[in-house]
Amino acid sequence: QMKSDFVSNVSHELRTPLSSIKGFASTIMQDSEMPLEVAQEFVGIINEESDKLIVIINDLLDVSKMLSGHLQYNLQVQPLEQIVEKVVTLLGIQAEAKGLALGFELIDVARVNVDATRISQVFTNLVANAVKFTDAGTIRVQQWVAEGRVHVSVADTGIGIREDVLAHIFDKFYRVENVVHTKEGTGLGLALVRGIVDYHGGSVDVRSTEGEGSVFTVQLPLAP
């Protein structure tokens, strides 16, 4: 059952941007007198939709490597706040485009033994989700140290997650269906988040109130 759900979820996710690419490309090809600015706008959409496909395909490859135990990790002791700050800066443009305030509050610095690329993937996923599911308000990222571990939380004022769904969102290939927002994903992102954090000896949890927002918190061990 899970495999067939997974195949239908991924097919749906790939079909949407592909249909868009195909549609706009056909329109450009059929209209030889299309004004340049219209053609440029359409090519811009094709470019954006192609980026979406790349993200989905990369997630797919990473999940498949994770399941077979072949996801590579290159661990190095480094400050976690530098990784988190970079993610927040990069996604700030997306947040700004939606009129959302995205901020990083560094309460405690922390050195961790991590693969920077993979941990960056974790926070990119969580912050991008927060932006995607928030239509108004703020996304606040905080980092602090408690009980020998570093905590990083990503809190949003978004649509929240139903209680019956919360228990499953880190399951591989689980997709949150939301009738109002047709923004369901493959469910690959959060499965990857959980897998990467687990590998580093950490944990990730979520608290959410439907209609009010969600808080995802990642805990990682401090470097000895």
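Conventions adopted
Residues numbered from 1 in each chain as written. Predicted model: local features only at pLDDT ≥ 70, side-chain atom pairs only at ≥ 80, totals over all residues. Heavy atoms only, no water. Core = buried A, V, L, I, M, F, W, Y, C linked by side-chain atoms within 4.5 Å. Buried < 20%, exposed > 50% of the residue type's maximum accessible area, 1.4 Å probe, protein only. Contact = heavy atoms within 4.5 Å. Helix = DSSP H or I, 4+ residues; strand = E, 2+ residues; numbered from the N terminus. Expected span 1.5 Å × (residues − 1). Bend = angle between axes of the 7 residues up to and from the residue. Salt bridge = Lys/Arg side-chain N within 4 Å of Asp/Glu carboxyl O.

Participant: Explain the nonpolar core to me, please; I cannot follow it from the model alone.
Facilitator: In this structure, Leu 80, Phe 123, Leu 126, Ile 169 and Leu 220 are the most contacted members of the largest nonpolar core, which totals 43 residues. Leaving out residues up to four positions away in the same chain, Leu 80 has contacts with Ala 110, Val 112, Ile 119, Phe 123, Gln 143, Val 150, Val 152 and Leu 220.

Participant: In this structure, what is going on with the environment of Leu 100? I would like to understand it.
Facilitator: In this structure, Leu 100 sits in the loop between helix 3 (80–97) and strand 2 (101–106). Residue class for Leu 100 comes out buried when judged on its relative accessible area of 6%. For the pair Leu 100 and Ala 136, spaced 36 residues apart in sequence, the C-alpha to C-alpha distance is 6.1 Å.

Participant: How do you make sense of unusual backbone geometry when you look at a structure like this?
Facilitator: With the exception of glycine, most residues fall at negative phi, and the peptide bonds are largely trans. Phi angles above zero are rare outside glycine, and Glu 147 is one such case at about 50°. Examined against the element boundaries, Glu 147 turns out to sit in the loop between strand 4 (138–146) and strand 5 (149–156).

Participant: What is the right way to look at helix 3 in this model?
Facilitator: Two residues of an α-helix separated by three or four positions point the same way, owing to the 3.6 residues in each turn. Spanning 18 residues, helix 3 covers 27 Å between terminal C-alpha atoms, matching the ideal 26 Å at 1.5 Å per step. The largest bend in helix 3 is about 40°, located at Leu 91. Just beyond helix 3, the residue with positive phi is Gly 99, at close to 75°.

Participant: Honestly, the pattern of salt bridges in this entry has me stumped. Any pointers?
Facilitator: When charged atoms on two side chains of opposite charge get close, those side chains can pair. Enumeration according to the criterion identifies two salt bridges in this entry. For Glu 49, the salt bridge identified is with Lys 52, shortest N-O distance 3.0 Å. Of this pair, Glu 49 and Lys 52 are both found in helix 2 (residues 36–67), three residues apart, which corresponds to roughly one turn of the helix. Between Lys 98 and Asp 135 there is a salt bridge, and its shortest N-O distance comes to 3.5 Å. With Lys 98 in the loop between helix 3 and strand 2 and Asp 135 in the loop between helix 4 (116–132) and strand 4, this residue pair connects regions lying 37 residues apart in the sequence. For Lys 98, a relative accessible area of 30% puts it in the partly exposed group.

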